[in-house]
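Single-letter residue listing:
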Amino acid sequence: MSYFTPDADLLAASDKALKSVSTAHLIKAAKSFNITDPATTEVIGSLPDHTPEQALEALTKADAAGKLWAKTSPRHRGDILHAVYAKLIEHKETLAYIICREMGKPFAEGLAEVQYSADYVRWFAEEALRAQGLYRDSPAGDATILVRRAPVGNAVLIAPWNFPMAMATRKIAPALAAGCACVVKPAALTPLTTVVVADLMIQAGVPADLVQVITTTNSSGFSATLLADDRVRKISFTGSTPVGSKLMELAAKNIVKSSMELGGNAPLIVFDDADLDRAIEGAILAKMRNGGQTCVAANRMFVQEGIADAFIEGFTKAMAAHKLGHPMNKEVTLGPVVDDRAVARLQALVDDAVAKGATLRTGGKSPDQPGSYFEPTVLDNVPANADIAVTEIFGPVASIMRFKTQAEVIERANDTEFGLAAFVFTENLDRAINVAEALETGMVGINNGLLSNIAAPFGGVKASGTGREGGAEGLEEYQEIRYFTMKRRETT
Ligand code: SIN
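Description of the structure in this document. (Residues numbered from 1 in each chain as written. Predicted model: local features only at pLDDT ≥ 70, side-chain atom pairs only at ≥ 80, totals over all residues. Heavy atoms only, no water.)

## Points about the overall build of the protein
How we decide: A run of H or I in DSSP counts as a helix once it spans at least four residues, and a run of E counts as a strand once it spans at least two, with each numbered from the N terminus. Between buried and exposed lies partly exposed: a residue is buried under 20% and exposed over 50% of the maximum accessible area for its type, with that area taken using a 1.4 Å probe on protein chains only. Only heavy atoms matter for contacts: two residues are in contact if any of them lie within 4.5 Å across the pair. To be clear on the numbers: accessible area is Shrake-Rupley with a 1.4 Å probe, and residue cover counts the displayed protein chains and nothing else. Residues scored as positive are Lys and Arg, those scored as negative are Asp and Glu, and His as well as the terminal groups of each chain are ignored. Taken as the charge location is NZ of Lys, CZ of Arg, CG of Asp or CD of Glu.
Helix and strand counts for the protein stand at 15 helices and 22 strands. If you line up the protein on its principal axes, its C-alpha atoms span 80 × 60 × 35 Å. When burial is assessed residue by residue, the protein has 57% of its 492 residues classed as buried. Residue pairs at least 24 apart in sequence account for 73% of intrachain contacts in the protein once pairs closer than 6 positions are excluded. On the protein, roughly 19600 Å² of surface is accessible, and the fraction owed to carbon and sulfur atoms is 53%. On the protein, the mean spot of the 49 positive side-chain charges and the mean spot of the 58 negative ones are 7 Å from each other.

Take a look at the structure:
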């Protein structure tokens, strides 16, 4: 497969963006760590390697700023968040360059991520004014019940590497909208974007100490230290189920409110009665957005026997049409995966599936090219005992299985500990709803390969997590319910 080299102008502009990253707003640290470009494996930046003690220092600053912030009006918080939205959009290209260079997604997807991220900020600027409350008479009519949603308190926000900006803003924005301060830890693989976002937030008027960014290679020390401190009242984490489970154990000590957006193993089901073109287009989006590196990516593709050959032919053609190359080339639609470990993991999954009887339709290997690349790959007739049938793939590899009946596919789709997302393609409305209801997941895309939407509650069930991000529900994650009762008697 051919490889697209970078456009000179985009590369130069992105180098300039990387050089512009300021760390003046971060706590100083004795040590630093390097950030690597997955497109070349070269070092592109260096940031303070904060210690757990420095995370506590950040919490102390955030706590003080948060006490004042919690007293501000919803309108004030909304206005500041609107100013943040405008600032992020003003710096859209710079942010996209940094996202792409540290994470590896193609430039067009980097720009889309900036818009998606900023849209969360704008959404929560608006939701800040809409905190829900309640006024109710007691059943006996002798008292009034007032319910309000108050800021939960200091939030610890741990973001993943796959959407360095969007996953940070969809945690920071609702925290600020609700009236909370936060200590944010971006992934050590992709911390530069969050550092820039926090800088722009301060420039837009967010109080300097309110959003603390801790950049560290000591993730476990960070969370253990902060979750042992009773000033922390909220943890939001996006990442793997084992880490989420550990964080919930740590959060249990001080009964900290937890939102966990964890692993996925999304089934994508194409029924015989699907519209073929719509199914192929949706499946490509569900599989290949972010190079397959999303927790909602179609992980197990189940195709009904009557449509299977036509679907697999069209889907394989669309997968093979991807332009693989450096993210700083405008034509590229598939960049590198996040690092060499990911390449080795994908290769092992593909080799295992083929050894156990799967048919390789396209791709299947890493191109002979520096950088962490993997070809867009389609595996057909994947046997149930292949590792890929039970593993979160997190890369540009599609694993296809065939099925006969609706009952059979529902059973197979639900045969997993995970319950984040699912996709169903059918033109039969009854089937669409019946199957969506039967699938044990937090989200279902019906004839739609894109679940992510700022206005929707994103999150999973079973081992895929608890809590929701986005929508009105996303704000509630940073609020706690307080209830007042007022005894009433007749007056004249
Ligand atoms: C993810 O968490 O991997 C996906 C996030 C999104 O699509 O918004």
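## As for the site of the ligand
Definition in use: Note on terminology: near, applied to a residue and a molecule or strand, indicates that one of the residue's heavy atoms is within 4 Å of it. Here a polar contact is recorded for every N or O atom pair within 3.5 Å, except that within protein the pair must consist of a potential hydrogen donor and a potential acceptor, and residues adjacent in sequence are included only if both atoms are side-chain atoms. A domain assignment, automatic or from a database, supplies the domain bounds used here.
If you check the shell around the ligand, you find Tyr116, Asn162, Phe163, Met167, Arg170, Glu261, Arg289, Thr294, Cys295, Ser452 and Phe458 and nothing else. A distance of 2.8 Å is found between an oxygen atom of the ligand and a side-chain nitrogen or oxygen belonging to asparagine 162. In this structure, an oxygen atom belonging to the ligand sits 3.0 Å away from a side-chain N or O atom of glutamate 261. Within the complex, the protein chains bury 100% of what would otherwise be the 260 Å² of accessible surface of the ligand. Split by domain, the shell around the ligand shows at least three residues from each of two domains, domain 1 (3–262 + 468–481) and domain 2 (266–448).

## A few points about the sheet that holds strand 22 (residues 479–487)
Going by this rule: When DSSP finds two or more bridges between a pair of strands, those strands are recorded as paired. Axis lines are fitted through C-alpha atoms, for helices just across the contact stretch, and the angle between N-to-C directions can take any value from 0 to 180 degrees.
Spatially, three strands are ordered 4-5-22 in an open sheet, and the strand pairing comes out antiparallel. The open sheet has two edge strands, strand 4 (134–137) and strand 22, and neither has a second partner. Averaged over all neighbouring strand pairs, the angle between strand axes comes to 20°, with direction disregarded.

## Observations concerning helix 9 (residues 241–253)
Threshold: Helix span is expected to be 1.5 Å times the residue number reduced by one. Throughout, the arc means that of the directions going from the helix axis to the C-beta atoms.
With 13 residues, helix 9 should cover 18 Å at 1.5 Å per step; its first-to-last C-alpha distance of 19 Å lies within 8% of that length. Among all positions of helix 9, only Thr241, Gly244, Leu247 and Ala251 are buried. Projected down its long axis, helix 9 carries its buried residues within an arc of 115°, all on one side. Those residues of helix 9 that are exposed and aimed more than 90 degrees away from the buried face are Pro242, Glu249 and Lys253.

## Side note on the layout of surface pockets
Think of a ball as big as a water molecule: rolled over the atoms, this probe shows where empty space is left. Counted only if it meets this: A pocket, in this scheme, is an open set of points on a 1 Å grid over the protein atoms alone with protein on both sides within 12 Å along at least 5 of 7 lines, while a cavity is a set where a 1.4 Å probe fits but cannot get out; residues line either one if an atom lies within 4 Å of a point. Grid points are joined across faces, edges and corners, and a volume is the space filled by probe spheres set on the points. All amino acids are sorted into three groups, where Ala, Val, Leu, Ile, Met, Phe, Trp, Tyr, Cys and Pro are nonpolar, Asp, Glu, Lys and Arg are charged, and the leftover types, Gly among them, are polar.
Counted as a void, the largest pocket has a volume near 1000 Å³. Listing elements by their share of the lining of the largest pocket, those giving two or more residues are helix 8 (219–227), strand 9 (232–238), helix 9 and helix 12 (340–355). Taken together, the residues of the lining of the largest pocket break down into 18 nonpolar, 11 polar and seven charged. The residue makeup of the lining of the largest pocket includes at least three contributed by each of domain 1 (3–262 + 468–481) and domain 2 (266–448). Computed from the structure, the second largest pocket encloses a volume of approximately 250 Å³. If you trace the second largest pocket, you find it lined by Lys105, Glu109, Ala112, Glu113, Tyr116, Phe163, Leu285, Arg289, Leu450, Ser452, Asn453 and Ile454. Per-element accounting of the lining of the second largest pocket gives the leading share, four residues, to helix 5 (residues 107–127). For the lining of the second largest pocket, the residue count by class is six nonpolar, two polar and four charged.

## What to know about the pattern of salt bridges
Keep this limit in mind: Any carboxyl oxygen of Asp or Glu within 4 Å of a side-chain nitrogen of Lys or Arg constitutes a salt bridge here.
Scanning all chains against the criterion turns up 29 salt bridges. The partner of glutamate 90 in a salt bridge is lysine 87, with the nearest N and O atoms 3.7 Å apart. Here glutamate 90 and its partner lysine 87 are both found in helix 3 (residues 74–90), three residues apart, which amounts to about one turn of the helix. Taken together, the salt bridges that share partners define one network made up of Arg170, Lys171, Glu261 and Glu469.

## Here's the deal with a nonpolar patch on the surface
Counted only if it meets this: Patch construction takes residues with relative accessible area above 30% that form no salt bridge. Like charges are linked within 9 Å, and nonpolar side chains (Val, Leu, Ile, Met, Phe, Trp, Tyr) are linked within 5 Å.
On the surface, a cluster of nonpolar side chains totalling about 280 Å² of accessible area is made up of Leu429, Ile433 and Ile446. Along the chain, leucine 429 turns up in helix 14 (residues 429–438). Owing to a relative accessible area of 65%, leucine 429 belongs among the exposed residues under this scheme.

## Quick look at the sheet that holds strand 6 (residues 154–158)
Overall, mixed pairing links the six strands, which are arranged 8-7-6-9-10-21 in an open sheet. The open sheet has two edge strands with one neighbour each: strand 8 (211–213) and strand 21 (465–466). Looking at chain direction, strand 7 (residues 182–185) and strand 8 are connected through three bridges and run parallel. Bridge pairing links valine 184 to valine 213 in strand 8.

## Examining helix 6 (residues 166–178)
The terminal C-alpha atoms of helix 6, which comprises 13 residues, lie 18 Å apart, in line with the 18 Å expected from a rise of 1.5 Å per residue. Here helix 6 lies mainly inside the structure; 13 of its 13 residues are buried. Trailing helix 6 by a residue or two, glycine 179 shows a phi angle of about 105°, which is positive.

## Quick word on the environment of glycine 205
Here glycine 205 is to be found in the loop between helix 7 (192–203) and strand 8. Residues glycine 205 and valine 84 lie 121 residues apart in sequence; the distance between their C-alpha atoms is 7.6 Å.

## Structural notes on the pairing of strand 9
What counts, and what does not: Crossovers are marked right-handed if the path from the first strand over the helix to the second runs clockwise, as seen with the strands pointing away from the viewer.
In terms of residue burial, strand 9 counts as a mostly covered element, since six of its seven residues are buried. Bridge analysis of strand 6 against strand 9 gives five bridges, and the strand direction is parallel. Bridge pairing in strand 9 places leucine 157 opposite serine 236. Pairing analysis gives five bridges linking strand 9 to strand 10 (residues 257–261), with the strands arranged parallel. Paired with isoleucine 235 across the two strands is serine 258, which belongs to strand 10. Read as a crossover between parallel neighbours, the route from strand 9 over helix 9 to strand 10 is right-handed.

Note that all results are geometric; they support no functional claim without further evidence.
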